[in-house]
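Chain and residue survey
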Amino acid sequence: MTRPREPATAIVGVGYTEFSNDSGRSVLELATEASRAALADAGLVPSDIDGVATYSMGDSVPAQAVATSLDIEDIGYLLDLSLGGQSPCYLVALADAAIRAGLARTVVIYRALNGRSGVRIGRARANDVPDSVDHRYAAGLTAYPQNIAMWARRYMIETGATEDDLGAVVLSQRWYAERNERAILRKPITFEQYLASPMIASPFRVADCTREVDGACAVVMTSIDHARALRHPPVVVRGGAFASGPRPGREIGDILLWDDYSRNCMHYVGRRIWENSGVTPDEVDVAELYDCFSSAVLFALEGLGFVGRGEAGAFIRDGQTAVDGKLPVNTHGGLLAEGYIHGMNSVNEAVLQLRGDAGERTVKGAEVALVSSGTLMDGSAVVLSKDS
Amino acid sequence: MDDATKIRVQHCRDCGRRWQTTFAGCPYCGSTALTEDDVAGKGRVYSWVEVHRSLEDPPADVPYTVVTVDLDAGARVFGRYAAGAGPKAGEPVAMVSATGEDGRGPVFAPAGSDGA
């Protein structure tokens, strides 16, 4: 990979719709509202942007539809990734590359879905590649919670992790969600209540699974020079990485060729992100780690090198991911509690943290944030920081 | 051994590796000298999931256990675990039928147990 370069781009605005159980609105309306909100937050108007990017699992609207709804006249960059949770940081890295390359000047990245009232990811089947999915479905491995649970179980076998460690993730994140007006799950939870949460696909209880919602969020990216003239302090993109381990298979759920279910894409992203960003794990003040399921946080903490093998659970139970801990993690409550905007909301949250705009859950003095995306074979990450 | 206890996999004639999902080249060496084998459904449990809530429509009967099995022949496959008690990591298992009463499978049971 390339060596770290001088940062060239920054995130200058974030936007949200309300997160709800039933938006009563089209996905295009949600996408456009979040994009407009991100532009307004940046002090920009649609004619200031020339790029739109998004990702979808067949549950959203393409970038061209949002570009049209925003009435963007001069379009230089439209990108639709047909990928899942590995996408948000990848799209930030790609927009950084596109702006550096002169393909675009200012780019909106959004994720929009009626994830509760419409297509629910928890019930969704993976891409229909008959060769690949038939044997999986034949055995009854038909939904994401079951697929990821297969990894979580192997991790527990190899490291000795237990439900105490999964529960610690849930409890740690719920504290933040209580202090996040957008979060869909804001009630505190005790470990006893966690244990009483109904089992879905062991070791996952309902509380270990992302909370599906309707909603959208978006960010605006532009060059650092442009960013410095705008209303918020720039949140600088220090570096990004996408990585897959060997043999990622036929489609997103085809895990049979993956050698080691106790390590996921983050093991490979971790080999690239620090080199690409020129930052070390010790320098990160806050991490927003992709968490469609609780186990994903344990995998990411270890894969990215924040803690050693098998140490993630103890690290969390020791309070180190709390707001005053060594590495506050998922300060919005994560996808577990803020809601499933498919990890795009984790990018937004990192921006709020570095701007000091996260209210009671703001990590004091945070200068550097890491965001990760994905928990299967391929994934991505970005390092963001305050402008120096 | 009859066909009801065999699993079809892809086989690389160059490096000898086997796997289940069909590819256009060997995932381990890139060779296109690929063939199909029916291999014995014997192996060891690598991981497992107990499904307590079906997310299918219509819902499947629960609970059930899906195992990831590393076959002695080399391929990793999924199957149903037939025994009542939960599987153990590394436990030897053998395929007892292509499908169970609910039509799901292949069905594995602890090696040496009844029917295996």
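Residues numbered from 1 in each chain as written. Chains lettered and ligands numbered in written order. Predicted model: local features only at pLDDT ≥ 70, side-chain atom pairs only at ≥ 80, totals over all residues.

Helix and strand content of chain B: 0 helices and 8 strands. For chain B, the succession of helices and strands along the chain, N to C, is β-β-β-β-β-β-β-β. Taking the principal axes of its C-alpha atoms as reference, chain B extends roughly 40 × 35 × 25 Å. Burial analysis of chain B (116 residues in total) assigns 40% to the buried set. (Helix = DSSP H or I, 4+ residues; strand = E, 2+ residues; numbered from the N terminus. Buried ≥ 20, exposed ≤ 12 C-beta atoms within 10 Å, placed from the backbone.)

Moving on, we get to the packing of helix α5 (residues 144-159) of chain A against helix α10 (residues 294-303) of chain A. Residues and elements named next belong to chain A. Closest axis-to-axis distance for the α5/α10 pair is 10 Å, and the angle between their directions is 55 degrees. Classified by the angle between their axes, α5 and α10 sit oblique to one another. Once α5 is placed against α10, the crossing between them reads as left-handed. Judged by residue contacts, Ile148, Trp151, Ala152 and Tyr155 of α5 engage Ser295, Leu298 and Phe299 from α10. (Axes fitted to C-alpha atoms, helices over the stretch in contact; angles between N-to-C directions. Parallel < 35°, antiparallel > 145°, perpendicular 65-115°, else oblique. Left-handed = near helix turned anticlockwise from the far one by under 90°. Contact = placed C-beta atoms within 7 Å.)

Moving on to the sheet that holds strand β11 (residues 378-386) of chain A. All names here are of chain A. An order of β3-β2-β4-β7-β1-β8-β11-β10-β9 is seen for the 9 strands of this open sheet, with the pairing classed as mixed. Where the open sheet ends on each side, the last strands, each with one partner, are β3 (77-81) and β9 (286-288). Averaged over all pairs of adjacent strands, the angle between strand axes in this sheet comes to 25 degrees, irrespective of strand direction. Across 3 bridges, β9 lies against strand β10 (residues 368-373) in parallel orientation. Looking at the pairing, glutamate 288 lines up with valine 371 of β10. Here helix α9 (residues 265-277) sits on the sheet and contacts β8 (235-244), β10 and β11; the angle it forms with β8, its principal contact strand, is near 140 degrees. (Pairing = 2+ DSSP bridges.)

Let us now look at the interface of chain B and chain A. Facing 27 residues of chain B, the contacting portion of chain A comprises 29 residues. Broken down by secondary-structure element, the contributors of at least two residues to the side of chain B that touches chain A are β4 (42-51), β5 (64-71) and β6 (76-81) of chain B. The element that contributes the greatest number of residues to the side of chain B that touches chain A is β4 of chain B, accounting for 6 residues. Note that strand β5 (residues 199-202) of chain A and β4 of chain B share 2 bridges and pair antiparallel. Bridged to alanine 201 of chain A within β4 of chain B is valine 51 of chain B.

What follows covers the environment of alanine 98 of chain A. Within the element layout of this structure, alanine 98 of chain A appears in helix α3 (residues 87-101). Along the sequence, alanine 98 of chain A and threonine 280 of chain A sit 182 residues apart, while their C-alpha atoms lie 25 Å from each other.

A few words now on the packing of α9 of chain A against α10 of chain A. All names here are of chain A. As a packed pair, α9 and α10 sit with axes 8 Å apart at the nearest point and diverge in direction by 30 degrees. Judged by the inter-axis angle, α9 sits roughly parallel to α10. In this structure, the crossing between α9 and α10 has a hand that is right-handed. Judged by residue contacts, Met266, His267, Val269 and Gly270 of α9 engage Phe299, Ala300 and Gly303 from α10. Class assignment of the residues belonging to the contact of α9 with α10 gives a composition of 4 nonpolar, 3 polar and no charged. (Nonpolar A, V, L, I, M, F, W, Y, C, P; charged D, E, K, R; others polar.)

For the rest of this paragraph, the subject is the environment of tyrosine 46 of chain B. Within the secondary structure, tyrosine 46 of chain B is located in strand β4. Remark: the alpha-carbon pair of tyrosine 46 of chain B and valine 67 of chain B, spanning 21 residues in sequence, is separated by 7.4 Å. When sequence neighbours within four positions are dropped, the list of residues in contact with tyrosine 46 of chain B reads Arg154 of chain A together with Thr68, Val69, Asp70 and Arg76 of chain B.

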